[in-house]
Amino acid sequence: MTEPRVTNCWLNILNFPLDGRSCKPRNDGLTMVIDKGMGLDETRDLLNLGGQYIDFLKLGFGTSALYAGDVLEEKINLVRSYGIDIYPGGTFFEVAVLQNKLEQYLETVKKLGFTAVEISDGTVDISAETRKRAINMAAEKELIVLTEVGKKDPRTRSPLSDLIRQVLSDLKYGAAKVIVEGRESGKGVGLYDSMGQLIVSEMEELITTLPDPSVLIWEAPIKEQQQELLLRFGSNVNLGNINAHEVLALEALRVGLRADTLKLVCR
Amino acid sequence: MTEPRVTNCWLNILNFPLDGRSCKPRNDGLTMVIDKGMGLDETRDLLNLGGQYIDFLKLGFGTSALYAGDVLEEKINLVRSYGIDIYPGGTFFEVAVLQNKLEQYLETVKKLGFTAVEISDGTVDISAETRKRAINMAAEKELIVLTEVGKKDPRTRSPLSDLIRQVLSDLKYGAAKVIVEGRESGKGVGLYDSMGQLIVSEMEELITTLPDPSVLIWEAPIKEQQQELLLRFGSNVNLGNINAHEVLALEALRVGLRADTLKLVCR
Amino acid sequence: MTEPRVTNCWLNILNFPLDGRSCKPRNDGLTMVIDKGMGLDETRDLLNLGGQYIDFLKLGFGTSALYAGDVLEEKINLVRSYGIDIYPGGTFFEVAVLQNKLEQYLETVKKLGFTAVEISDGTVDISAETRKRAINMAAEKELIVLTEVGKKDPRTRSPLSDLIRQVLSDLKYGAAKVIVEGRESGKGVGLYDSMGQLIVSEMEELITTLPDPSVLIWEAPIKEQQQELLLRFGSNVNLGNINAHEVLALEALRVGLRADTLKLVCR
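Residues numbered from 1 in each chain as written. Chains lettered and ligands numbered in written order. Predicted model: local features only at pLDDT ≥ 70, side-chain atom pairs only at ≥ 80, totals over all residues. Heavy atoms only, no water.

Next up on the list: the interface of chain C and chain B. Each side of the interface is counted separately: chain C has 29 residues, and chain B has 40 residues. Summed over both sides, the interface of chain C with chain B buries roughly 3,200 Å², with 63% coming from carbon and sulfur. Between chain C and chain B we count 3 salt bridges in total. Across the pair Arg-258 of chain C and Glu-184 of chain B runs a salt bridge, and its minimum N-O distance is 2.5 Å. Between chain C and chain B we count 8 residue pairs in polar contact (both at pLDDT 80 or more) in total. For the side of chain C that touches chain B, the class distribution of residues is 15 nonpolar, 6 polar and 8 charged. (Contact = heavy atoms within 4.5 Å. Buried area = accessible area lost by both parts, 1.4 Å probe. Salt bridge = Lys/Arg side-chain N within 4 Å of Asp/Glu carboxyl O. Polar contact = N/O pair within 3.5 Å; in protein donor to acceptor, adjacent residues only side chain to side chain. Nonpolar A, V, L, I, M, F, W, Y, C, P; charged D, E, K, R; others polar.)

With that out of the way, let us pick up the relation of the copies chain A and chain C. With an RMSD of 0.0 Å, the operation that places chain A on chain C is a rotation of 120 degrees combined with a shift of 0.0 Å along the axis. On this basis, the relationship between the two copies can be described by a three-fold rotation axis. Closest approach to the rotation axis among the C-alpha atoms of chain A is made by Glu-42 of chain A, whose C-alpha sits 4.2 Å away. When the interface residues of chain A are mapped onto chain C, a mere 3% of them again fall at the interface, so the copies present different faces. (Least-squares fit on C-alpha atoms with pLDDT ≥ 70 in both.)

Another aspect to go through is the interface of chain A and chain C. How big an interface is tends to be stated in terms of accessible area lost as the parts join. Contact residues are listed per partner, giving 30 residues for chain A and 42 residues for chain C. Summing the contributions of chain A and of chain C, the shared interface buries around 3,200 Å²; its carbon and sulfur component is 64%. Our enumeration of links across chain A and chain C arrives at 8 residue pairs in polar contact (both at pLDDT 80 or more). Looking at the side of chain A that touches chain C residue by residue, the class counts come to 15 nonpolar, 7 polar and 8 charged.

Now for the nonpolar core. Within the largest apolar cluster, 190 residues are counted, with the highest numbers of intra-cluster contacts made by Tyr-105 of chain A, Tyr-105, Leu-206, Leu-216, Trp-218 and Leu-239 of chain B together with Tyr-105 of chain C. Element by element, the count of residues in this core is highest for helix 10 (residues 247-254) of chain B, at 6 residues. (Core = buried A, V, L, I, M, F, W, Y, C linked by side-chain atoms within 4.5 Å. Buried < 20%, exposed > 50% of the residue type's maximum accessible area, 1.4 Å probe, protein only. Helix = DSSP H or I, 4+ residues; strand = E, 2+ residues; numbered from the N terminus.)

Moving on to the sheet that holds strand 1 (residues 31-35) of chain A. Residues and elements named next belong to chain A. Reading across from one edge, 3-2-1-8-7-6-5-4 is the order of the 8 strands in this open sheet, with parallel pairing throughout. Both outer strands of the open sheet, strand 3 (85-88) and strand 4 (116-119), are each paired with one neighbouring strand and no more. Averaged over neighbouring strand pairs, the angle between their axes works out to 30 degrees when direction is ignored. Where strand 1 lies against strand 2 (residues 56-59), 4 bridges are found, and the strand directions are parallel. The residue of strand 2 that forms the bridge with Ile-34 is Lys-58. Contacts between helix 6 (residues 128-140) and the sheet are confined to strand 4 and strand 5 (144-149), with strand 5 contributing the most and set at about 155 degrees to the helix. (Pairing = 2+ DSSP bridges. Axes fitted to C-alpha atoms, helices over the stretch in contact; angles between N-to-C directions.)

Here we take up the packing of aromatic side chains. Across all of its chains, the model carries 9 aromatic pairs over all chains by this definition. Where Phe-92 of chain C meets Tyr-105 of chain C, the ring centres are 6.2 Å apart and the plane angle is 25 degrees; that geometry is what we call stacked. Here the residue Phe-92 of chain C occupies a position in helix 4 (residues 90-98), and Tyr-105 of chain C occupies one in helix 5 (residues 102-112), the gap between them amounting to 13 residues. Of the two residues examined, Phe-92 of chain C and Tyr-105 of chain C, each falls in the buried class. Directly above the ring of Phe-61 of chain A sits Arg-258 of chain B, whose terminal nitrogen or CZ lies 3.8 Å from the centroid. (Phe/Tyr/Trp six-rings, centres within 6.5 Å; stacked < 30°, edge-to-face > 60°. Lys NZ or Arg CZ within 6 Å of the ring centre and 35° of its normal.)

Residue and element names in this part refer to chain B. Burial of strand 2 (residues 56-59) is two-sided: the residues Phe-56 and Lys-58 facing one way and the residues Leu-57 and Leu-59 facing the other way are all buried. Across 4 bridges, the pairing between strand 2 and strand 3 (residues 85-88) is parallel. Bridge pairing in strand 3 links Phe-56 to Asp-85. Running through helix 3 (residues 71-80), the crossover from strand 2 to the neighbouring parallel element strand 3 is right-handed. (Right-handed = clockwise from strand over helix to strand, strands pointing away.)

Residues and elements named next belong to chain A. Of note, Glu-142 is situated in the loop between helix 6 and strand 5. A sequence separation of 26 residues divides Glu-142 from Ala-116, and the C-alpha atoms of the two residues are 8.4 Å apart. Those residues within four positions of Glu-142 in sequence are excluded, and the remaining contacts are Lys-110 and Thr-115.

For the rest of this paragraph, the subject is the confidence of the model for chain A. All names here are of chain A. Summarising the model, chain A shows a mean pLDDT of 90, and 94% of its residues fall at 70 or more. Here residues 1-9 scores under 50 on pLDDT; set against residues more than four positions off or in separate chains, the count is 24 contacts. For this predicted complex, the interface confidence comes out at an ipTM of 0.91, alongside a pTM of 0.93. (pLDDT = per-residue confidence, 0-100.)

This next bit is on helix 8 (residues 200-208) of chain B. Residues and elements named next belong to chain B. Buried within helix 8 are the following residues: Glu-202, Met-203, Leu-206 and Ile-207. Buried positions in helix 8, seen along its axis, are confined to an arc of 130 degrees and lie on one side of it. Opposite the buried face of helix 8, by more than 90 degrees, sit the exposed residues Ser-201 and Thr-208. Those residues of helix 8 that are buried lie in contact with helix 7 (160-173), strand 6 (177-180), strand 7 (216-219) and helix 9 (223-233). (Arc of directions from axis to C-beta.)

Moving on, we get to unusual backbone geometry. Note on backbone geometry: most residues besides glycine have negative phi, and most peptide bonds are trans. In this chain, Lys-24 of chain A is followed by Pro-25 of chain A through a cis amide linkage whose omega measures -10 degrees. By the element assignment, Pro-25 of chain A lies in the loop between helix 1 (10-13) and strand 1. Phi is positive for Asn-241 of chain C, close to 55 degrees, though the residue is something other than glycine.

Here we take up the environment of Asp-162 of chain C. Residue and element names in this part refer to chain C. In this structure, Asp-162 sits in helix 7 (residues 160-173). By relative accessible area, Asp-162 is classed as partly exposed at 35%. Along the primary structure Asp-162 and Val-149 are separated by 13 residues, whereas in three dimensions their C-alpha atoms are 9.6 Å apart.

Throughout the structure, instances matching the rule amount to 52 salt bridges over all chains. Note that Glu-246 of chain B is salt-bridged to Lys-36 of chain A, the shortest N-O span being 3.9 Å. Placement of Glu-246 of chain B in the loop between strand 8 (239-243) and helix 10 and of Lys-36 of chain A in the loop between strand 1 and helix 2 (40-50) is noted, with the two residues assigned to different chains. With a relative accessible area of 23%, Glu-246 of chain B lands in the partly exposed category. In this structure, the salt-bridge partner of Asp-260 of chain C is Lys-223 of chain C, at a minimum N-O distance of 3.1 Å. Note that Asp-260 of chain C is positioned in helix 11 (residues 259-266) and Lys-223 of chain C in helix 9 (residues 223-233), a separation of 37 residues in sequence. Among the charged side chains, a network of salt bridges with common partners joins Lys-36 and Glu-184 of chain A together with Glu-246 and Arg-258 of chain B.

Another point: helix 5 (residues 102-112) of chain B. All names here are of chain B. Of all the positions in helix 5, only Leu-102, Tyr-105, Leu-106, Thr-108, Val-109 and Leu-112 are classed as buried. Summarising the axial view, the buried residues of helix 5 lie within an arc of 160 degrees, below the 170-degree limit, and thus occupy one face. Gly-113 sits one or two residues past helix 5 and shows a positive phi near 110 degrees.

Our focus in this paragraph is the sheet that holds strand 8 of chain B. Residues and elements named next belong to chain B. The parallel open sheet is built from 8 strands, whose spatial order is 3-2-1-8-7-6-5-4. The open sheet has two edge strands, strand 3 and strand 4 (116-119), and neither has a second partner. Averaged over all pairs of adjacent strands, the angle between strand axes in this sheet comes to 30 degrees, irrespective of strand direction. Relative to strand 2, helix 3 is tilted by about 165 degrees, and along the sheet it contacts strand 1 (31-35), strand 2 and strand 3. Relative to the sheet, helix 9 contacts strand 7 and strand 8, its axis offset from that of strand 8 by approximately 150 degrees.

Right under this line is the structure:
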């Protein structure tokens, strides 16, 4: 593994306005990046610059099935060499369940070198029994299990109590983290309203039922969402669906080196 | 030409939810990418990853006049080596007509190695006679002729009947495909309203007059537009003005490996 | 320094619709790019393609503190080799003032090889005396001084007369250019309303008080803003917070090789 050296000489003269940022490997303060199809060189360039700020890389949607030749294997190896977990988008899991190929799917995921897997039912209805079985099976294969709650389509949104029950049940059966759906857009989905604003009452009800808020990863593709979650939960909130080109900008937000979080410190 | 190998082992265990996706070289299911100024390395990296999903690369606006040194020639050769057609943005054609340099323009396009050309009047008024002459002249030079219909400025929008007449006439005179204007923004232009929604009644009237809907390439920069056109016309609708970084994401949408098209299959 | 050769053969047959574009090194027509965390390869690729169209590169927010290992030093050297000035985001200056480390900050900026510095109070309140002292101190260290006017938070917006006084005072004390705040979003900040529209009356009042409008750099991240400023002030207006991937698209807009400025010429 390439050990990224920790930052540079700026640090010697200034302190980060927000402190306490956790270091890798970490259990909170996780950043999950959504990759919509970065080439190998672009990936290498990004990791060389800011690999230490990325914990999970998700190959979004079904894009990983579409890579030419050996690019997928090379990419998986590259990403892992930076101590980053990598997994295919949840769409794949849903297709595998639909096609009755859950076990082959998980075996292939493992064999290809992915280190994690997403168990979701954002699009397809999946029974509680199948979900439980999938979590178990993936955990047995020593894949990090990330489950996802929240329907992608606002018309099929379930009550908050169901969502809370699902989070608790997923954790019980072996999920390492539960992702709160935000999609690529961050609007009209999960706990975001149609303008992308966090529905605070629901978020608070969800949080109070949990032993520890760090079991959640919030998909938060929009800067205002990242900012609001950082202001509520601190530097080390887990955030997902971060655009690859915004990794350093998010990290600056986490440590107070960006206007929107700096102003907090100056009040 | 570099022959991109067809995808990877995922395919062996799962089927694409939407099938029948055409392969290159193809006459439908075309993806035209708008390039707003990618460097050589970025281009190479993209093509290495997903060149098989790109049919046309348009060097947007007049950017191709602004490339430093030999970058343009190298880029043209690189793109062609992946079996992708490449052409300069339509703005150039309109400037050439304004400056009475149509023939020199087309000759230079050909000499530089571009394989296609766009004939449009999105900004400048161009007579039917000049348009016809340009199509003929470009076709004689063995350039693939892509014409474009729809004004860029909504205030100068012409009636649908004129647009339909233009499509039929362009095809008659030698256009390979006719592009339906969507601009970079996808809003308030062509058959999109100011919110970027497809004007369905006009689209349907246009389609019913055509021998074959595959003569059109729809500029559809917004994901919801791509999705709506895919749902109406199937995996193999021709789409244009696709952002370079969304090529794999679009392909996932085409084959059903993305929530928005997967849910179709599960209904 | 690598001397980028001036464009290519297209120029021999067509004239730019808008002419008089200034060449580097230039005092007006400046383009300042905001870099949210580009890797070394991506930066090299961009500069190789269009380095001649970039005058300033700003490492946005506090991102420059977060670069792994030697990437920052390499990047500074790379950017300078293209004759481009480079500086860290203004957040840093504000943190340095808060932590009473102004002088060490400016020394480190200089020692690292940055050629310019931003003096702003977008987030933190900084006294007129400190601002003046900072401008003086930076100028003495032979850093190009860019000051910024306009609060980032619309709720703390000051009257236009204060902003005008600030511009004149900054110039008097040694600022090379004054940046009009537009943020990354271009909305509800500086002279933009919440929809990102330029507040024309304020802009005009500002301009009439200045000896020369070229002392300003307008942060204009949105295409419509760039277009409006180009139409008002001509090809050589100074524009900032340009996305790295839009450098060539902006240059096309500057010289009339894009529909939105071409149509001007055709009226």
